[in-house]
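Fold and geometry: a report
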Amino acid sequence: MYVIGERINGMFKDVRQAIQAQDKGIIQDLAKKQLAGGAHCLDVNVGPASDDPVSTVQWLVETIREVTDAPLAIDTTKHDVMATGIKAAGKGSVINSTTGQQEKLDVLLPLAAENDASLIALTIDEKGIPRDANGRVEIALRVVAGAMEHGISPDRIYVDGVIIPVSADQMTPTHVLNTISQCKMLADPPPKTILGLSNVSQGAVYRELINRTYMVMALAHGLDAAILDPMDTELMDALITAELLLNRNVYCADFLKAYRASAA
Amino acid sequence: MSFEVPVEKWSTAVSTITLGATADNGGTRTSTVTLGGAATLPFLHFEGQIPNRPVVAMEVLDTQPKEWPEALAKPFGNVLGDPAAWAQKCVEEFGAEAICLRLTSAHPDNEDTGPDHAAEVVKKVLGAVGVPLIIWGCGDDAKDNEVIPRASEAAAGENCALGTAREDNYKTITAACLADGHKLITEAPIDINIAKQVNILVSDMGLSTDRIIMYQATGGLGYGMEYAYSIMERARLAALGGDKMLSMPMLAVVGSEAWRAKEAKAPDAEGAQWGPQAKRGPIWEAVTANCFLHGGVDTVIMWHPEAVQLVKQAIDKLMQH
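Residues numbered from 1 in each chain as written. Chains lettered and ligands numbered in written order. Predicted model: local features only at pLDDT ≥ 70, side-chain atom pairs only at ≥ 80, totals over all residues. Heavy atoms only, no water.

**Observations regarding the overall build of chain A**
Secondary structure summary: chain A contains 10 helices and eight strands in total. Scaling as 2.2 N^0.38, a compact globule of 264 residues should have a C-alpha radius of gyration of about 18 Å, and chain A matches this with 18 Å. Looking at chain A residue by residue over its 264 residues, the buried ones come to 53%. Of the contacts formed within chain A by residues at least 6 apart in sequence, a portion of 66% connects residues at least 24 apart. Only carbon and sulfur atoms are counted for the fraction: they give 53% of the accessible area of chain A, which is about 11400 Å². On chain A, the mean spot of the 23 positive side-chain charges and the mean spot of the 33 negative ones are 2 Å from each other. (Helix = DSSP H or I, 4+ residues; strand = E, 2+ residues; numbered from the N terminus. Rg over C-alpha atoms; globule rule 2.2 N^0.38 Å. Buried < 20%, exposed > 50% of the residue type's maximum accessible area, 1.4 Å probe, protein only. Contact = heavy atoms within 4.5 Å. Areas by Shrake-Rupley, 256 points an atom, 1.4 Å probe, with all protein chains shown as cover. Lys, Arg positive; Asp, Glu negative; His and termini not counted. Charge placed at Lys NZ, Arg CZ, Asp CG, Glu CD.)

Shown next, in the form of structure tokens:
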């Protein structure tokens, strides 16, 4: 599974402080630790920490690039921040994210095409988040169709079924699982599916247990990617084991070690 | 209607290993061989790069072979029993691209020779030929742990391959390999899970994965070939899918396995219905090698010179594109 490390986000206190103090060490350390933990890609979110998010995203990307060439997912709702971040990050980066709203697609699909980037699409439109899987899949289809018009292969689209905290709505986890399964039938090649995992446990107790359990359930439904904390070893162990049980990797006695050695 | 060949996209390639060190690299070899590197299933040139052709190595025993039929022994004339002369004949007359020296005499049930003998034979063979050397133990764990470190040391700097490291006996040979700058052959009993596990164990000792060649102990054609073939294919698929712990080049021991089959072994008196042994034996060996090449092995270790010629011709054709 494609793991996007969530930790370089201005919402976290250490990152906010690093941005304010322009302290490269903290950011680079987080980049390296997440990659060592099994991340393939690193999310970069300026968060509320900066008055000048455009120059901050530039600084973050350049800072990370000093220690790794791994793909970056630029995580913002502001177009100028996105455009700057994606250009700085280079080919193979990820736009995080668009929704199904036409005015967003009109801007972000061309940006993805120009920069050879993948695109995370939240299944949200003008009417908000659909109640069930059907509404979510309908929005996903609209994004996939739009992507193809721009020459973007469906497998560069990551459909995010938008998880709502289980403490707020207990039906959403099931709707999102069904969305993941149904997306496989949308196109050939099908779009990929992704989860912003930690959202499922916002405001709940036993957050890590909830994240880990839901991760495994989603993998069994065919999930392709997740934004998560790769430094959470128990979460990563569960993920690796689930992939093994789904025959996505060859078993051996030291399979956890083998996975980490292969990811390194 | 036009037909479009379906082409699979793979994320990675088999890793590449070179055997043999020339003077430039601190050794005395006059030639080297490079294994692996394929970015597709065997010989699917339309799908991905296959930068290196499979290597045909010939096996030399460090003692007079026992129970070799006339059909097998005859082409070698009087060199059997003299490993240096035997190796030389394989390279100069039969076109062996590498020599696999098997330290058979060290086995307690054989002559029970010691580490000094092994070191001496290795040096003699290195002196007699310029091709890369594969050094293979006798198969008795305790004895191999005595003999291989000395054999390895005698070939230090020559960038040989040492065989074999197994799940229950890998530490000594891995240490020798690390100390003397060789490559390592990891062995599993036709079991992909154990193959991966052995690779993990030896890399935990500090041997990098690009110094490992995988070997699935196997039978000859008709004796478990299908099973071996599918395990090899599965390993190759895992390698192409990005599993670094299975992305090493593979090796097959063909000569000794093929000539264990009754179709090759039976003397003319018993196997008359299959035709003369001098013909069917080499063919049995060549076809066995050919099957393994299609399963994805990067080097075959052979016995009979005619089988070697047949396999080299087959490789020539398979590498045309």
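Having put the structure on the table, let's press on.
**Focus on the overall build of chain B**
Scanning chain B from terminus to terminus reveals 11 helices and 10 strands. Seen through its principal axes, chain B has C-alpha atoms that stretch 65 × 55 × 35 Å. Contacts spanning at least 24 positions in sequence make up 69% of the contacts within chain B whose residues lie at least 6 apart. Carbon and sulfur atoms provide 51% of the accessible area of chain B, an area that totals close to 13100 Å². On chain B, the mean spot of the 26 positive side-chain charges and the mean spot of the 41 negative ones are 2 Å from each other.

**Describing the sheet that holds strand E6 (residues 157–160) of chain A**
In a beta sheet, neighbouring strands pair by backbone hydrogen bonds and run either parallel or antiparallel. Residues and elements named next belong to chain A. Taken in spatial order, the eight strands of this closed barrel run E1-E2-E3-E4-E5-E6-E7-E8, and their pairing is parallel. On average, each strand axis in the sheet is inclined to that of its neighbour by 25°, with strand direction left out of account. Here three bridges tie strand E3 (residues 72–75) to strand E4 (residues 94–98), and the two strands are oriented parallel to one another. Paired with Ala73 across the two strands is Val94, which belongs to E4. (Pairing = 2+ DSSP bridges. Axes fitted to C-alpha atoms, helices over the stretch in contact; angles between N-to-C directions.)

**Some details on the packing of helix H9 (residues 233–245) of chain A against helix H10 (residues 255–263) of chain A**
All names here are of chain A. Following both chains from N to C, one finds H9 and H10 inclined at 100°, their axes separated by 10 Å at the closest point. Taken together, the axes of H9 and H10 are roughly perpendicular relative to one another. Where H9 approaches H10, its residues Thr233, Met236, Asp237, Leu239, Ile240, Thr241, Glu243 and Leu244 are matched on the opposing element by Phe255, Leu256, Tyr259 and Arg260. (Parallel < 35°, antiparallel > 145°, perpendicular 65-115°, else oblique.)

**As for the interface of chain B and chain A**
Quite often, the size of an interface is put as the accessible area lost when its parts meet. Contact residues are listed per partner, giving 14 residues for chain B and 11 residues for chain A. Applying the counting rule to chain B against chain A returns one salt bridge. Across the salt bridge formed by B:Asp204 and A:Lys257, the nearest N and O atoms sit 2.7 Å from each other. Put simply, chain B and chain A have seven residue pairs in polar contact (both at pLDDT 80 or more) between them. Put simply, the parts of the chain that give the side of chain B that touches chain A at least two residues each are helix H6 (192–204) and helix H7 (225–240) of chain B. The element contributing the most residues to the side of chain B that touches chain A is H6(B), with seven residues. A per-class count over the side of chain B that touches chain A returns six nonpolar, three polar and five charged. (Salt bridge = Lys/Arg side-chain N within 4 Å of Asp/Glu carboxyl O. Polar contact = N/O pair within 3.5 Å; in protein donor to acceptor, adjacent residues only side chain to side chain. Nonpolar A, V, L, I, M, F, W, Y, C, P; charged D, E, K, R; others polar.)

**Quick look at the side chain of B:Lys196**
Following the sequence through the fold, B:Lys196 ends up in helix H6. Taking the relative accessible area as the measure of exposure, B:Lys196 reaches 4% and is therefore buried. In this structure the side chain of B:Lys196 is engaged in a polar contact, spanning 2.8 Å, whose partner is the side chain of B:Asp243. Among residues more than four places away in sequence, those in contact with B:Lys196 are A:Val250, A:Tyr251, A:Cys252, A:Ala258, B:Asp243, B:Met245 and B:Leu246.

**Thoughts on empty space enclosed by the protein**
Residues and elements named next belong to chain B. Scanning the entire structure with this criterion turns up four cavities of 30 Å³ or more. If you add up the space inside the largest cavity, you get close to 120 Å³. In terms of lining, the largest cavity is formed by 13 residues, of which the most central are Ile50, Pro54, Arg236, Val297 and Asp298. (1 Å grid on protein atoms, 1.4 Å probe; cavity = no way out; pocket = protein on both sides within 12 Å on 5 of 7 lines; lining within 4 Å. Points joined across faces, edges and corners; volume = space filled by probe spheres on them.)

**Side note on the confidence of the model for chain B**
The pLDDT averaged across chain B works out to 95; a share of 99% of its residues lies at or above 70. Interface predicted TM-score (ipTM) for the complex: 0.82; the corresponding pTM is 0.89. (pLDDT = per-residue confidence, 0-100.)

**Things to note about the pattern of salt bridges**
All names here are of chain B. Taken as a whole and assessed by the stated rule, the structure comprises 24 salt bridges over all chains. A salt bridge links Asp141 to Arg166; the nearest nitrogen and oxygen atoms lie 2.3 Å apart. In this pair, Asp141 sits in helix H4 (residues 141–154) while Arg166 sits in the loop between strand E6 (161–165) and helix H5 (171–180), placing the two residues 25 residues apart along the sequence. Of the residues examined, Asp141 reaches a relative accessible area of 27% and is grouped as partly exposed.

**Let's talk about the layout of surface pockets**
Counted as a void, the largest pocket has a volume near 1300 Å³. Lining of the largest pocket is provided by 34 residues; of these, A:Met1, A:Arg248, B:Ser11, B:Gly241 and B:Gly242 occupy positions nearest its centre. Broken down by secondary-structure element, the contributors of at least two residues to the lining of the largest pocket are H9 and H10 of chain A together with H7 of chain B. In terms of residue count, H10(A) provides more of the lining of the largest pocket than any other element does, five residues in total. Across the lining of the largest pocket, the residue classes tally to 15 nonpolar, eight polar and 11 charged.

**A look at unusual backbone geometry**
Here A:Asp188 and A:Pro189 are connected by a cis peptide whose omega angle stands at 0°. Topologically, A:Pro189 is positioned in the loop between helix H7 (172–183) and strand E7 (192–196). Cis peptide bonds are those with omega within 30 degrees of zero, and the linkage from B:Gly163 to B:Thr164 qualifies with -5°. Residue position: B:Thr164 is located in strand E6. Phi at B:Phe43 takes a positive value of approximately 65°, unusual for a residue other than glycine. Structurally, B:Phe43 is set in the loop between strand E2 (33–36) and strand E3 (55–61). By relative accessible area, B:Phe43 is classed as buried at 14%. The phi torsion at B:Glu67 lies on the positive side, around 60°, for a residue other than glycine. As for its position among the elements, B:Glu67 is in the loop between E3 and helix H1 (70–73).

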